[in-house]
Amino acid sequence: MKVITFFLVGLAVHLVFFASIFDIYFTSPLVHGMTPHAVELPPPASRLVLVVADGLRADSLYTLHPDGSSRAPYLRGVMEQRGTWGVSHTRVPTESRPGHVALIAGFYEDVSAVAKGWKENPVEFDSVFNESRHTWCWGSPDILPMFAKGASGDHVYTHTYPAQEEDFASTDASRLDTWVFEEVKAFFQSAESNSSLKSSLLEDQNVFFLHLLGIDTNGHAHRPMSQEYKENIGLVDAGVEKLVSMVEDFYGHDGRTAYVFTSDHGMTNWGSHGAGHPSETLTPLVAWGAGVQNAKRVTEPQPYSDGYLQDWHLEHLRRVDVNQADIAPLMASLIGVSFPLNSVGVLPLQYLNNSDQFKAQSMYTNAIQILEKFKVKMAQKKETTLPFLFTPYKPLTESKQDEFTEQATRLFQLEKFDEAISLCRSLISHALEGLVYYHTYDRFFLGCSVVLGFVGWTSYVVLVILKTHASLRRPPGHTHTIQGHTLVRLCVCVVVIITTFLLLQRSPVTYYIYTLLPVPVWYCVLKEFETFTDLIRSAPTLPLCKCLGYFLLVTFGIELLVVSFFHRAVLTVGLVVLSAWPLMSGLYGRAKFGTVSWFLGCLCLAVFPLMPVVGREPDVNMVSCAGVLTLFTSACYLWSSRQRTLLRRGDTQQFVSQMVHVAVCAYIPTLTHSSLQQKRGLPLLNQIISWTTLGSSILVPLMSSTRMFHRLLSIFLSLTATYLLLSTGSEALFPPVLSWLMYVWINIEQEAMLSQGVSGRQELSTIDFSENIDITKVRQLKLDDIRRSYFFVFFIITAFFGTGNIASINSFDPASVYCFLTVFNPFIMGGLMMWKVLIPFIIVMCTFETIQVATQLSSRSLFLIVLVISDLMALHFFFLVQDYGSWLDIGTSISHYVIVMSMTIFLMVLSLLTHVLTSCRLTLWNTRKMHYR
């Protein structure tokens, strides 16, 4: 197979592997075709007021001041006198969109749907707002439109402020909440003189939704422990008090208004959210008004062992915790609208203040609503599965469903409401388990197909390495192989059988891809099977002990890399072990200075994985120190190079200008941080310099000398300048330390090459990669090249996780992008953070390409070993996904799988481009030489 064809096929295979994890684990849980169900009895409330304080932690609301006073006195009074309170437990990802979907629609949106759209619905779903008669919303333009779009009719009205108001550098982000309260006040005042609006307001089943973003914005900008965050809570509390008074006055204190106050997610101490820390998943819930149970004082211990009751001094008040999706059926029950069709929430009866009959009827409606969803899901799966292969969910077969309905009807007739409630809870539990059962029905089948393809592809790559790069000597006349025609017929038969099976089951198109992909892959493996026999015949001539030792070391190394994804400190252990490599390999005698530099570089880099993942307080002085360190290391590089090769005047001028630019970029974060602290906003000059630096970081290195060392230094200076602008603390020290270790690595690999008898070491400052690199004049692979490939993968993983702020992309500190923008924009901010992630990655990548040239090995040769290592890691994570039971553990393993596959795909694209460009350059160079001759 030609090189370009191999890369293209490999890229297509890995794209399929990458997409498969989303198709298998991140498919939408939504189904359609259910019948709406509402409680038949009169509801206790005519209207509902929902207040969501975005980013409010449970402890931030419930914890008292040291003097015993509350920062939210009104809501505290509600909890103690006339309402019910508890903790709402959210799910990962703890972001605004999935949090609000769970609150208002009652289901947990899949991650892929979150990624497809922020403001609009990637899939249509029902919600309490859609089921209401009218819903009026005030708040953020990022949240409200997704509940208006797709709603049946035009009864959901949104009022939003401009997106530019969501500024983290704002003088006072609480003004966003003030805007909402003022708009609501103006709305009710205008209703007094607007008869049509007033008549709509006086109807029942109305919802008023207030989305308050100030707390979240202040938390991101100043941290949840800041005075701004705490004062914003007091502002919201006062605003809620005035809101309740205004609503009650408008409706004449008719006692028909229900109030729910909660949050979509919490926030870590360092001002981020998205992961599963308790500070992110525990949010407050306070409900009061019509149909809500009054505060109940208790004397006996409550069934909560987390210690929060004592910390909040609320052990005397009954606490009722719920899952976030349970709030949707609670709101629907209070105002008598149909339960959202896709809701998986369970009605929390302890919040209701009504008759036993109403509670039982509400619970029955909740159970029927979820059962309807279960029936549709079961019917869909039954239609797409052959009858003799279909395995129903046994605890809830059709006969048991009928039995439940009959038993519930009988209990209602006998007025045994407690037993009816217990029966409904049991049905809901089984129905929810059944939904998961049918939602994951094909997961094992698809997973096996992907694993089969994975193993086949990895086996094929190993065969290619053995055949084309390992110098295996094939005995003459050896023809023992599987006949080509027989193999083709076998593969065609397998394809026909699989295709027929999928057609009969009416499977989606993606199923064909996942199940048919292993066939051509294994065809290529079996076609090259003789290479394995050649290896067996050559075994007596191989250093078996050394091969076995390398195999054990690589196996251990891959396991170490896999564990490092879960425990970053393992990278520190790995770096400490790597620091002893020159001593153990006998290179100390040949390169004493390089050995010492390698040892110190590994130990310095080993410090970074021990730093917190996130949560460091901004320390822009460290950014300035990183700038000084960058200038110092760059000067050392230039001095070292000049000792061997004189710099051209143009190169000197470019490096000096780049170093001056680095010094400016090291100082920009200090100026920006000072301006934001004084609440003067982001200086325009700083913003211009930052964006100009970002754009030039890609173009400037292309203008540098084509000598390898000079190009490497130019890339390092350009990327580090951007990295400094995206840094807030000690992570800014990571690129200069990493680049120093990479520089030492290149030099030691050259010494290692000489120690193995490969002659012709050439100084990097004299290698002109645009002229004299011939990819056809390369040596065969050696066992030492496995180590080089493993080092590369190890340093790539260290580049991803070493800085301590990349382990969770959705938990990054927004302060990292304040030199570029302060107005909330998730896509631009996410793009900037992804570029920050890639900068250390690119440094390692360029180093590895340099080592390939310095060790006279083709890029394809080493890349094939890298491909095997990364694929084995990805396969390991795929198996971990199968083993884990909890959603959080599965999500963690999937995110790690995605990272490894993204890294592999990126490497494949880069290697393909490198091969094409090198081939073109070689062709032009040969043509030029022939022309001169």
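See the structure shown above.
What you see is a predicted model, and the numbers here were worked out from it, not measured in a lab.

**Q** I'd like to hear about the overall build of the chain, residue by residue, with values.
**A** Counting its secondary structure elements, the chain contains 35 helices and eight strands. Taken across its 933 residues, the chain has 56% of its residues classed as buried. When contacts within the chain are restricted to residue pairs at least 6 apart in sequence, those whose partners lie at least 24 apart make up 80%.

**Q** Before we move on, can you summarise the sheet that holds strand S8 (residues 322-323) with the specific residues and values?
**A** Read from one edge of the open sheet, eight strands run S4-S3-S5-S1-S6-S7-S2-S8, paired in mixed fashion. The open sheet has two edge strands with one neighbour each: strand S4 (156-160) and S8. Judged from the six bridges that link them, strand S1 (residues 47-53) and strand S6 (residues 257-262) form a sheet pairing that is parallel. Bridged to Val-51 within S6 is Phe-261. On the sheet, helix H3 (residues 73-81) packs against strand S2 (83-89), S6 and strand S7 (282-289) and is oriented at approximately 65° with respect to S7.

**Q** Summarise the nonpolar core; cite the residues concerned and give the values.
**A** Grouped burial of nonpolar side chains is what soluble globular proteins tend to show. One finds Trp-598, Phe-792, Phe-795 and Met-873 to be the most contacted residues of the largest nonpolar core, which totals 144 residues. It is helix H34 (residues 859-883) that provides the largest number of residues to this core, a total of 14 residues.

**Q** How would you summarise the pattern of salt bridges if you had to cite specific residues and measurements?
**A** Scanning the model with the defined rule gives 13 salt bridges in all. Measuring nitrogen to oxygen at the nearest pair gives 3.0 Å for the salt bridge that ties Asp-204 to Arg-133. Residue Asp-204 is located in the loop between helix H9 (195-201) and strand S5 (206-212), and its partner Arg-133 is located in the loop between helix H6 (128-131) and strand S3 (134-139); the two are separated by 71 residues in the primary sequence. The class of Asp-204 is partly exposed, set by a relative accessible area of 37%. For Arg-133, a relative accessible area of 36% puts it in the partly exposed group. For Asp-306, the salt bridge is made with Arg-319, and the minimal N-O distance between the two is 2.8 Å. Residue Asp-306 is located in the loop between S7 and helix H13 (308-312), and its partner Arg-319 is located in the loop between H13 and S8; the two are separated by 13 residues in the primary sequence. On the basis of relative accessibility, which here comes to 3%, the residue Arg-319 falls in the buried class. Salt bridges sharing partners connect three or more residues here, namely Glu-749, Asp-785, Arg-787 and Arg-788.

**Q** Which residues make up a negative patch on the surface, and what values go with them?
**A** Judged by side-chain charge, Glu-398, Asp-402, Glu-403 and Glu-406 come together as a negatively charged surface patch. Following the sequence through the fold, Asp-402 ends up in helix H16 (residues 398-413). Owing to a relative accessible area of 48%, Asp-402 belongs among the partly exposed residues under this scheme.

**Q** Break down the packing of aromatic side chains for me, citing the residues and quoting the values.
**A** According to the stated counting rule, one finds 53 aromatic pairs in the structure shown. On the basis of an interplanar angle of 70° and a centroid distance of 5.1 Å, the ring pair of Trp-138 and Phe-187 is categorised as edge-to-face. With Trp-138 in strand S3 and Phe-187 in helix H8 (residues 175-191), this residue pair connects regions lying 49 residues apart in the sequence. No difference in accessibility class separates Trp-138 from Phe-187, as the two residues are buried. Members of the aromatic cluster, joined through ring pairs, are Trp-136, Trp-138, Tyr-157, Phe-187, Phe-188, Phe-208, Phe-250 and Tyr-251. Note that Arg-91 overlies the ring of Tyr-108, its terminal NZ or CZ placed 3.9 Å from the centroid. Over the face of the ring belonging to Phe-791 we find Arg-787, whose NZ or CZ atom lies 5.1 Å from the ring centre.

**Q** Tell me what's going on with the pairing of S7, and back it up with residues and numbers.
**A** A large share of S7 lies buried, amounting to seven of its eight residues. Pairing analysis gives seven bridges linking S2 to S7, with the strands arranged antiparallel. Each residue of the ladder has a partner; that of Trp-85, found in S7, is Val-286. Of the pairings in the sheet, the one linking S6 to S7 comprises five bridges and is antiparallel in character. Across the sheet, Ala-258 pairs through a bridge with Gly-289, a residue of S7.

**Q** Which residues make up the pairing of S3, and what are the values?
**A** Along S3, six of the six residues are buried, which leaves the element largely enclosed by surrounding structure. Burial along S3 is two-sided: His-134, Trp-136 and Trp-138 facing one way and Thr-135, Cys-137 and Gly-139 facing the other are all buried. Two strands pair when backbone bridges link them, and S3 and S5 are joined in this way by five bridges, in the parallel orientation. Pairing of Trp-138 across the sheet is with Leu-210, part of S5. Here S3 pairs with S4 via five bridges, running parallel. Bridging across to S4, Cys-137 finds its partner in Thr-158.

**Q** For helix H17 (residues 417-439), give the residues involved together with the corresponding values.
**A** The end-to-end C-alpha distance of H17 is 32 Å, a good match for the 33 Å that 23 residues give at a rise of 1.5 Å each. Residues Phe-417, Ala-420, Ile-421, Leu-423, Cys-424, Leu-427, Ile-428, Ala-431, Gly-434, Leu-435 and Tyr-438 constitute the buried set of H17. In this structure, the buried residues of H17 make contact with helix H15 (356-383) and H16.

**Q** Any chance you could break down the environment of Leu-610 for me, citing the residues and the numbers?
**A** As for its placement among the helices and strands, Leu-610 is situated in the loop between helix H26 (592-605) and helix H27 (620-642). Between the C-alpha atoms of Leu-610 and Ala-569, which are 41 residues apart in sequence, the distance is 5.5 Å. Once residues lying within four places of it in the same chain are set aside, the contact partners of Leu-610 are Ala-569 and Thr-572.

**Q** So what's going on with the packing of H15 against H16? Residues and values would help.
**A** If you want to describe how two helices pack, look at the angle between their axes and the distance between the axes. Between H15 and H16, the shortest axis-to-axis distance is 12 Å and the interhelical angle comes to 170°. What the angle tells us is that H15 and H16 run roughly antiparallel. The interaxial crossing formed by H15 with H16 has left-handed handedness. Where H15 approaches H16, its residues Ala-360, Gln-361, Tyr-364, Ala-367, Ile-368, Leu-371, Phe-374, Lys-375, Met-378 and Lys-382 are matched on the opposing element by Glu-398, Gln-401, Phe-404, Thr-405, Ala-408 and Phe-412. Classifying every residue of the contact of H15 with H16 by side-chain character gives ten nonpolar, three polar and three charged.

**Q** So what about H15? Which residues, and what values?
**A** The end-to-end C-alpha separation of H15 is 40 Å, in line with the 40 Å expected for 28 residues at 1.5 Å each. The element H15 is largely enclosed, with a buried count of 20 among its 28 residues.

**Q** Requested: an account of unusual backbone geometry, with residues and values cited.
**A** Omega for the bond connecting Val-92 with Pro-93 falls within 30 degrees of zero, at 0°, which places this linkage in the cis form. Locating Pro-93 in the fold gives a position in the loop between S2 and helix H4 (96-105). Positive phi, close to 50°, is recorded for His-253, a residue that is not glycine. Of note, His-253 is situated in the loop between helix H11 (227-250) and S6. Of the residues examined, His-253 reaches a relative accessible area of 54% and is grouped as exposed. Even without being a glycine, His-313 presents a positive backbone phi close to 55°. Examined against the element boundaries, His-313 turns out to sit in the loop between H13 and S8. His-313 gets classed as partly exposed once you look at its relative accessible area, which sits at 44%.

Conventions and cut-offs
- Residues numbered from 1 in each chain as written.
- Predicted model: local features only at pLDDT ≥ 70, side-chain atom pairs only at ≥ 80, totals over all residues.
- Heavy atoms only, no water.
- Helix = DSSP H or I, 4+ residues; strand = E, 2+ residues; numbered from the N terminus.
- Buried < 20%, exposed > 50% of the residue type's maximum accessible area, 1.4 Å probe, protein only.
- Contact = heavy atoms within 4.5 Å.
- Pairing = 2+ DSSP bridges.
- Axes fitted to C-alpha atoms, helices over the stretch in contact; angles between N-to-C directions.
- Core = buried A, V, L, I, M, F, W, Y, C linked by side-chain atoms within 4.5 Å.
- Salt bridge = Lys/Arg side-chain N within 4 Å of Asp/Glu carboxyl O.
- Patch = residues over 30% accessible without salt bridge, like charges linked within 9 Å, V, L, I, M, F, W, Y side chains within 5 Å.
- Areas by Shrake-Rupley, 256 points an atom, 1.4 Å probe, with all protein chains shown as cover.
- Lys, Arg positive; Asp, Glu negative; His and termini not counted.
- Charge placed at Lys NZ, Arg CZ, Asp CG, Glu CD.
- Phe/Tyr/Trp six-rings, centres within 6.5 Å; stacked < 30°, edge-to-face > 60°.
- Lys NZ or Arg CZ within 6 Å of the ring centre and 35° of its normal.
- Expected span 1.5 Å × (residues − 1).
- Parallel < 35°, antiparallel > 145°, perpendicular 65-115°, else oblique.
- Left-handed = near helix turned anticlockwise from the far one by under 90°.
- Nonpolar A, V, L, I, M, F, W, Y, C, P; charged D, E, K, R; others polar.

Just distances and angles here, no functional claims.
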